[in-house]
Amino acid sequence: MPASVPGRVTRDDLYLKARVLADGVNVIGEETPSFRELANQGCAASERQWDLHTVDDLLGQYADITSGAGSTLDREFLLLDDIGMTISYSHNPHSRLDLIREGERAMLKEGEAVVAECRIVAPEEPDWHREELSGGVPMKIALPFASESVINVVFSLSCYNFNTPGKACQYCNLFSNPISRRINNLPIETLRAWVALQAEAIKIATDNGWRGALAISGGALPPKQRPQHLERLEVLMEAIRERVDPGVLSEIPCVYNHFPPEDFRDMERWREMGIGFTCIDLEVMDAAFFAAICPGKNEYKPLSYWKEAQEVAVEVFGPMKTRTNVVFGLEPMHTLLAG
């Protein structure tokens, strides 16, 4: 077991967390399906033809694949007591790490070696997350990735890059579910019905005191829908403004977390819609690694353009209101530090 100073995270601890996040764990003694198995179960139900113009059909498909998969709020995670580090995990029967559970206590083993001792904990789910929306739609279906700090609201239900061979980001599976894989051109009328449910769910959350951040996001739009970028974003923001009290909405950061626009002047429109922050993810700092790891993003615009977009965002929204995310481990340390 890695030696740890109480309260101090070591390199071995970080390596262990990275392994669990990347490879999952083989849960011993429980019938725990992996997310891939759950997704494949849903895929079987999705083989029939279904109407993209009917949001109820989409909801039914999403319910099939998410039932039993839990959500960000109710999914268990590992807690390393001695350093206070938490690790989300998923079941992978092919992982070399075995998770042996005994009630709330657990042990991570690789072969006969004990890698770590930990506890199984789950965040307390607020009552509002169990409520239903119009027509009996569960909150978890409309907002599957909600948490106490962030609610992701999407204006694109699939990722063109993920659905196109050779264009997917090499580390990402956010839109790998069988429903998103079959959505290539979501009609804007269906999007309007979908975001109305999302906005209704946000109102329930805020009425119950939720004051996190709204991340305005989604998968990459297909080329034919890119000219509708502002229109689709406005459909989402309008639905939120119609349902959430303006005073409450002024307390909640609305963060644009998507591709940079083809025209930087669009950022002024974002601000007029009520967006006050941006998070344009670079993923890596080196242009060559960006092209290799995120080929679809690079084909849209090279890394230099994504960096320029951040500079413009600072001019439009002000200092300390734009940020980025970088995925550690995808590039050498020297290019990361240089970036």
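Thresholds, definitions, all that
- Residues numbered from 1 in each chain as written.
- Predicted model: local features only at pLDDT ≥ 70, side-chain atom pairs only at ≥ 80, totals over all residues.
- Heavy atoms only, no water.
- Axes fitted to C-alpha atoms, helices over the stretch in contact; angles between N-to-C directions.
- Helix = DSSP H or I, 4+ residues; strand = E, 2+ residues; numbered from the N terminus.
- Parallel < 35°, antiparallel > 145°, perpendicular 65-115°, else oblique.
- Left-handed = near helix turned anticlockwise from the far one by under 90°.
- Contact = heavy atoms within 4.5 Å.
- Salt bridge = Lys/Arg side-chain N within 4 Å of Asp/Glu carboxyl O.
- Buried < 20%, exposed > 50% of the residue type's maximum accessible area, 1.4 Å probe, protein only.
- Disulfide = S-S within 2.5 Å.
- Pairing = 2+ DSSP bridges.
- Expected span 1.5 Å × (residues − 1).
- Arc of directions from axis to C-beta.
- Core = buried A, V, L, I, M, F, W, Y, C linked by side-chain atoms within 4.5 Å.

A. Examining the packing of helix α8 (residues 266–273) against helix α11 (residues 303–317) more closely. Axis separation between α8 and α11 bottoms out at 10 Å; the angle between their running directions is 45°. One way to sum up the angle between α8 and α11 is to call them oblique. Relative to α11, α8 is oriented so that their crossing is right-handed. Two secondary-structure elements touch here, α8 through Met267, Glu268, Trp270 and Arg271 and α11 through Ala309, Val312, Ala313, Val316 and Phe317.

B. Main features of the pattern of salt bridges. Taken as a whole and assessed by the stated rule, the structure comprises 12 salt bridges. Here Arg211 makes a salt bridge to Glu251, at a shortest N to O gap of 2.8 Å. Within this pair, whereas Arg211 is found in the loop between α5 (188–207) and β8 (213–217), its partner Glu251 is found in the loop between α7 (246–249) and β9 (254–256), the two being separated by 40 residues in sequence. On the basis of relative accessibility, which here comes to 35%, the residue Arg211 falls in the partly exposed class.

C. Quick peek at unusual backbone geometry. Here the phi dihedral of Glu283 falls at roughly 70°; this positive angle occurs in a residue that is not glycine. Within the fold, Glu283 resides in the loop between β10 (277–279) and α9 (287–293). Looking at Glu283, the relative accessible area reads 5%, which means it is buried. Non-glycine residue Met320 carries a positive phi angle of around 70°. Assignment of secondary structure puts Met320 in the loop between α11 and β11 (322–323).

D. Representation of the state of the cysteines within the structure. Counted under the stated rule, the structure contains zero disulfides. In this structure Cys169 is not part of a disulfide, and its nearest cysteine sulfur, from Cys294, lies 3.6 Å away.

E. Molecular detail of the sheet that holds strand β5 (residues 105–110). Spatial ordering of the open sheet is given by β1-β4-β5-β6-β2-β3, a layout of six strands whose pairing is mixed. Strand pairing shows two members of the sheet lacking a second neighbour, β1 (26–28) and β3 (85–88), which therefore form its edges. Averaged over all adjacent pairs, the angle separating strand axes in this sheet is 35°, with direction ignored. As defined by bridge partners, β5 adjoins strand β6 (residues 113–121) across six bridges and the pair is classed as antiparallel. Of the residues in β6, the one forming a bridge with Arg105 is Arg119. Across the face of the sheet, helix α1 (residues 11–23) comes into contact with β2 (77–80), β3, β5 and β6 while running at roughly 20° to β3.

F. The arrangement of α1 in detail. Over its 13 residues, α1 runs 18 Å from end to end, which matches the ideal 18 Å to within 8%, given 1.5 Å per residue. Among the residues of α1, Asp13, Leu16, Arg19 and Val20 are the ones counted as buried. Looking straight down α1, one finds its buried side chains confined to an arc of 120°; they lie on one side. Across from the buried face of α1, at angles greater than 90 degrees, the exposed residues are Arg11, Leu14, Tyr15, Leu21 and Ala22. At its buried positions, α1 is contacted by β2, β3, β5 and β6. Note on α1: the residue one or two positions beyond its end, Gly24, has a positive phi of about 70°.

G. Structural detail: the nonpolar core. Ranked by size, the top nonpolar core spans 73 residues in total, and within it Ile151, Leu214, Ile240 and Met267 carry the most contacts. Of the residues forming this core, the biggest block, 10 residues, is contributed by α5. If we skip the residues at most four places from it in the chain, Leu214 touches Ile151, Ile202, Ile240, Leu249, Ile252, Pro253, Cys254 and Val255. Counting residues in each nonpolar core, the second largest holds 18 residues, with Ile83, Leu97, Ala106 and Leu108 among its members.

H. Examining the environment of Asn161 more closely. Summarising the element assignment, Asn161 is placed in the loop between β7 (150–154) and α5. For the pair Asn161 and Glu299, spaced 138 residues apart in sequence, the C-alpha separation works out to 9.9 Å. In contact with Asn161, not counting residues within four places along its chain, are Lys167, Ala168, Ala220, Phe259, Gly296 and Lys297.

I. View of the pairing of β3. Side chains Met85 and Ile87 project from β3 onto a buried face, and the interleaved Thr86 and Ser88 project onto a face without burial. As paired strands, β2 and β3 are joined by four bridges and run antiparallel to one another. Bridging across to β3, Leu78 finds its partner in Ile87. The turn linking β2 back onto β3 is made up of four residues, and Gly84 within it adopts a positive phi angle of 70°.

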